[in-house]
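For reference, the chains in residue letters:
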Amino acid sequence: IMLSVKPQIMAAACADLIQKTSIDGKIMVSIAAGITTDRIIEMLGNYDQVVRTMPNTPSSLSKGMTGLYAPDSVAQVDRDFVGHIMDHVGKTLWVEKDSQINIVIAAAGSSPAYFFLFAQAMQDEAIQMGLNSNDARLLVQQALLGSAEMICHNPSLELSDLRAQVTSKGGTTHAAICAFQENNLEAIVSKAMQAAVTRAVK
């Protein structure tokens, strides 16, 4: 049974479910951010056959990234079954601790919005520089797609190495990278991801 509801109505949904349906022998799969596995188990009347997952929106294109966690009470065969389901919408990653799902949220669940924001800023600036909206978007979206493909097709290369391959010292890319670093891009990303984790915990 997929528990795919907004976190704020999860308790009511679980109460309604256990009142109207027998959940014995079923695997309960949560897709709700910010609700721990222990809390889901509690909402289900201490039924402990629960797998917590966190997919992201690219799953709608079968390009998703899903983090999964299950307590020891869930058998390996059931973990494999849930993993097999989520494999159909992208890549999967099992984490060892429930709390690590919050890292999945920060690094994958929420991150499509980070990339969209970055792409939007690039498109807006290209428009300010003189391109029309469609041309600016084409340039940005294809560059973003190609960059993602380069990451996927070069698993042995660190992300820093891929960046270095594009960054000739003293060139245009180097000037742009220096501008990012001078404005503490890494610190901004860190702060944003920490904010996502903090919100998930609360």
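That block above? That's the structure.
The following paragraphs examine the structure supplied in this document.

Moving on: the overall build of the protein chain. If you tally the helices and strands in the protein chain, you get nine helices and five strands. In sequence order, the secondary structure elements of the protein chain are arranged as β-α-β-α-β-β-α-β-α-α-α-α-α-α. Over its C-alpha atoms the protein chain spans a radius of gyration of 21 Å, topping by over 25% the 17 Å that the globule rule assigns to 202 residues. Taken along the three principal axes of its C-alpha coordinates, the protein chain extends 65 × 35 × 30 Å. Looking at the protein chain as a whole, 29% of its 202 residues qualify as buried. Put simply, of all contacts in the protein chain between residues at least 6 apart along the chain, 52% involve residues at least 24 apart. Carbon together with sulfur atoms contributes 58% to the accessible area of the protein chain, which is approximately 13100 Å² in total.

Residues Leu 3, Met 10, Met 28, Ile 40 and Leu 44 are the most contacted members of the largest nonpolar core, which totals 14 residues. Counting residues per element, the ones that place at least two in this core are helix 1 (10-20) and helix 2 (37-43). Those residues within four positions of Ile 40 in sequence are excluded, and the remaining contacts are Leu 3, Met 10, Ser 30, Ile 35 and Val 50. Ile 27, Val 29, Ala 70 and Val 74 belong to the second-largest nonpolar core, a separate cluster that totals eight residues.

Taken together, the side chains of Phe 118, Met 122, Phe 180, Leu 185, Ile 188 and Val 189 define a hydrophobic patch exposed on the protein surface, amounting to about 490 Å² of accessible area. Breaking the nonpolar patch down by element, the ones donating at least two residues are helix 5 (111-128) and helix 9 (185-201). As for its position among the elements, Val 189 is in helix 9.

Bringing the side chain of Asn 56 into the picture now. Relative to the helices and strands, Asn 56 is located in the loop between strand 3 (50-54) and strand 4 (64-69). On the accessibility criterion, Asn 56 (11% relative accessible area) is buried. Side-chain polar atoms of Asn 56 contact the backbone nitrogen of Met 65, separated by 3.0 Å.

Viewed as axis vectors pointing N to C, helix 4 (residues 101-109) and helix 5 meet at an angle of 30°, and their least axial separation amounts to 6 Å. If you check the angle between helix 4 and helix 5, you find them roughly parallel. Where helix 4 approaches helix 5, its residues Ile 105, Ala 106, Ala 107, Ala 108 and Gly 109 are matched on the opposing element by Ser 111, Pro 112 and Tyr 114. Here the residues of the contact of helix 4 with helix 5 are counted per class, giving six nonpolar, two polar and no charged.

Here we come to the packing of aromatic side chains. Taken as a whole, this structure holds one aromatic pair when the rule is applied. Seen in terms of ring centroids, Phe 118 and Phe 180 are 5.8 Å apart; in terms of plane orientation they differ by 40°. Their pairing is tilted. With Phe 118 in helix 5 and Phe 180 in helix 8 (residues 172-182), this residue pair connects regions lying 62 residues apart in the sequence. Looking at Phe 118, the relative accessible area reads 39%, which means it is partly exposed.

With their axes 9 Å apart at the nearest point, helix 5 and helix 6 (residues 133-153) run at an angle of 140° to one another. Of the possible angle classes, the one that applies to helix 5 and helix 6 is oblique. Regarding helix 5 and helix 6, the two cross each other, and that crossing is right-handed. Counted together, Ala 119, Met 122, Gln 123, Ala 126 and Ile 127 of helix 5 and Ser 133, Ala 136, Arg 137, Val 140 and Leu 144 of helix 6 form the full contact between these two elements. Looking at side-chain class alone, the contact of helix 5 with helix 6 contains seven nonpolar, two polar and one charged residues.

What the five strands build is an open sheet, ordered 1-2-3-4-5; its pairing is mixed. At either end of the open sheet lies a strand with only one pairing partner, and these are strand 1 (2-3) and strand 5 (90-94).

Turning our attention to the pairing of strand 5. Where strand 4 lies against strand 5, five bridges are found, and the strand directions are parallel. Along strand 5, the bridge assignment pairs Leu 68 with Trp 94. The handedness of the strand 4 to strand 5 crossover, carried by helix 3 (residues 76-87), is right-handed.

What counts, and where the lines are drawn
- Residues numbered from 1 in each chain as written.
- Predicted model: local features only at pLDDT ≥ 70, side-chain atom pairs only at ≥ 80, totals over all residues.
- Heavy atoms only, no water.
- Helix = DSSP H or I, 4+ residues; strand = E, 2+ residues; numbered from the N terminus.
- Rg over C-alpha atoms; globule rule 2.2 N^0.38 Å.
- Buried < 20%, exposed > 50% of the residue type's maximum accessible area, 1.4 Å probe, protein only.
- Contact = heavy atoms within 4.5 Å.
- Areas by Shrake-Rupley, 256 points an atom, 1.4 Å probe, with all protein chains shown as cover.
- Core = buried A, V, L, I, M, F, W, Y, C linked by side-chain atoms within 4.5 Å.
- Patch = residues over 30% accessible without salt bridge, like charges linked within 9 Å, V, L, I, M, F, W, Y side chains within 5 Å.
- Salt bridge = Lys/Arg side-chain N within 4 Å of Asp/Glu carboxyl O.
- Polar contact = N/O pair within 3.5 Å; in protein donor to acceptor, adjacent residues only side chain to side chain.
- Axes fitted to C-alpha atoms, helices over the stretch in contact; angles between N-to-C directions.
- Parallel < 35°, antiparallel > 145°, perpendicular 65-115°, else oblique.
- Nonpolar A, V, L, I, M, F, W, Y, C, P; charged D, E, K, R; others polar.
- Phe/Tyr/Trp six-rings, centres within 6.5 Å; stacked < 30°, edge-to-face > 60°.
- Left-handed = near helix turned anticlockwise from the far one by under 90°.
- Pairing = 2+ DSSP bridges.
- Right-handed = clockwise from strand over helix to strand, strands pointing away.

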